[in-house]
Amino acid sequence: MKPPMSAIGLSAMSSCARRGTAAHRCFTLLELVVVIAILCVVLGTAAVSVKKVFSEPSLEDIAEKIQVTAAMARRMAAAGGKIYQITYNQKNTTVYGVDGGIKIPDGIVLLPGGIADENNETTVIFSFRPDGTAGGDFVVLKERNDDANDGVKISASPLNGAITLKLPEDEE
């Protein structure tokens with residue numbers, strides 16, 4: 001016996017109601033809810049990951065970039081036989097080294113220990129010589145409105161040019 005036909009010629013009995021064959025198997029409401037819940041969890045996790053990628057760098061991220069730039073300048077000075085400098089431009093808040101500039105975000109303050117040049121507002125942070133020694137003392141990165149925290153201190157050893165990074169949690 002055939003199922004009754006509707007006005008537009010389709011069967012009134014849907015294919016999901018016929019559970020006899022595997023070809024016409026449909027999803028139940030519970031299965032659909034579970035799949036949607038899993039998709040929500042996966043998309044939520046992906047959204048958090050994407051937000052981390054596009055968020056502004058942290059204080060430690062900026063300090064590590066400056067440390068890497070200084071270490072690269074140190075190696076290039078020793079290999080190339082000439083002086084390399086890491087400078088800070090206060091006008092555009094950028095640290096310049098051998099591999100381009102590192103922009104300091106608005107929420108972070110860089111306090112250089114070097115000598116400022118009033119003419120172009122540039123401070124030499126570190127100067128690396130071919131004999132392995134370094135000039136410059138240290139630089140501190142701090143959150144703009146954080147007076148309680150000492151910030152991240154980056155220093156270069158004058159004897160061997162070694163770059164050290166001292167994080168606030170390293171303090172005792």
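Everything below is about the structure shown above.
**Side note on the overall build of the protein chain**
(1) Moving on: When you go through the protein chain residue by residue, the secondary structure sums to two helices and ten strands.
(2) Moving on: For the protein chain, the N- to C-terminal ordering of α and β elements is α-α-β-β-β-β-β-β-β-β-β-β.
(3) Moving on: Residues counted as buried form 24% of the 172 residues belonging to the protein chain.
(4) Moving on: Restricting the contact set of the protein chain to residue pairs at least 6 apart, pairs at least 24 apart contribute 53%.
(5) Moving on: For the protein chain, the exposed area adds up to about 11,600 Å²; of that, 60% sits on carbon and sulfur atoms.

**Quick notes on the nonpolar core**
(1) Moving on: By size, the foremost hydrophobic cluster in this structure holds 26 residues, and its most contacted members are I66, V95, I104, L110, F126, F128 and L141.
(2) Moving on: Broken down by secondary-structure element, the contributors of at least two residues to this core are helix 2 (59-80), strand 1 (84-89), strand 4 (108-112), strand 6 (122-128), strand 8 (138-143) and strand 9 (152-156).
(3) Moving on: No other element matches helix 2, which puts seven residues into this core.
(4) Moving on: Not counting the four nearest positions on each side in its chain, F126 is found in contact with A70, Y84, Q85, I86, G135, D137, F138, V139, I154, S155 and A156.

**Focus on the packing of aromatic side chains**
(1) Moving on: One pass over the structure, following the stated rule, counts one aromatic pair.
(2) Moving on: Between F126 and F128 the ring centres are 6.2 Å apart and the planes differ by 45 degrees, which places this aromatic pair in the tilted class.
(3) Moving on: Judged by relative accessible area, which is 1%, F128 ranks as buried.
(4) Moving on: Here the guanidinium or amino end of K153 rests over the ring plane of F138, the centre of that ring lying 4.7 Å away.

**Digging into the sheet that holds strand 9**
In sheet architecture, strand pairing relies on hydrogen bonds along the backbone and comes in two forms, parallel and antiparallel.
(1) Moving on: Read from one edge to the other, the open sheet built from four strands follows the order 4-8-9-10, with strand pairing classed as antiparallel. The open sheet has two edge strands with one neighbour each: strand 4 and strand 10 (163-166). Neighbour-to-neighbour, the strand axes of this sheet turn through a mean angle of 15 degrees, independent of strand direction.
(2) Moving on: Across the sheet, helix 2 touches strand 4, strand 8, strand 9 and strand 10, and the angle it forms with strand 10 is around 170 degrees.

**Looking at the side chain of S155**
(1) Moving on: One can find S155 in strand 9.
(2) Moving on: A distance of 2.6 Å separates the side chain of S155 from the side chain of T164, its partner in a polar contact.
(3) Moving on: Those residues in contact with S155, other than ones at most four positions away along the chain, are F126, D137, F138, A162, I163 and T164.

**Some thoughts on the side chain of T87**
(1) Moving on: Structurally, T87 can be placed in strand 1.
(2) Moving on: Note on T87: relative accessible area 16%, which makes it buried.
(3) Moving on: What T87 contacts, discounting residues up to four positions off in sequence, is T94, V95, Y96, T122, T123, V124 and I125.

**Describing the pairing of strand 1**
(1) Moving on: For strand 1, the buried fraction is high: five of the six residues fall into the buried class.
(2) Moving on: In this sheet, strand 6 lies alongside strand 1 in antiparallel orientation, the contact comprising six bridges. From the neighbouring strand, Q85 faces strand 6, where its bridge partner is S127.
(3) Moving on: Pairing between strand 1 and strand 2 (residues 94-97): three bridges, direction antiparallel. Within strand 2, the position partnered with N89 by the bridge is T94.

Cut-offs and rules
Residues numbered from 1 in each chain as written. Predicted model: local features only at pLDDT ≥ 70, side-chain atom pairs only at ≥ 80, totals over all residues. Heavy atoms only, no water. Helix = DSSP H or I, 4+ residues; strand = E, 2+ residues; numbered from the N terminus. Buried < 20%, exposed > 50% of the residue type's maximum accessible area, 1.4 Å probe, protein only. Contact = heavy atoms within 4.5 Å. Areas by Shrake-Rupley, 256 points an atom, 1.4 Å probe, with all protein chains shown as cover. Core = buried A, V, L, I, M, F, W, Y, C linked by side-chain atoms within 4.5 Å. Phe/Tyr/Trp six-rings, centres within 6.5 Å; stacked < 30°, edge-to-face > 60°. Lys NZ or Arg CZ within 6 Å of the ring centre and 35° of its normal. Pairing = 2+ DSSP bridges. Axes fitted to C-alpha atoms, helices over the stretch in contact; angles between N-to-C directions. Polar contact = N/O pair within 3.5 Å; in protein donor to acceptor, adjacent residues only side chain to side chain.

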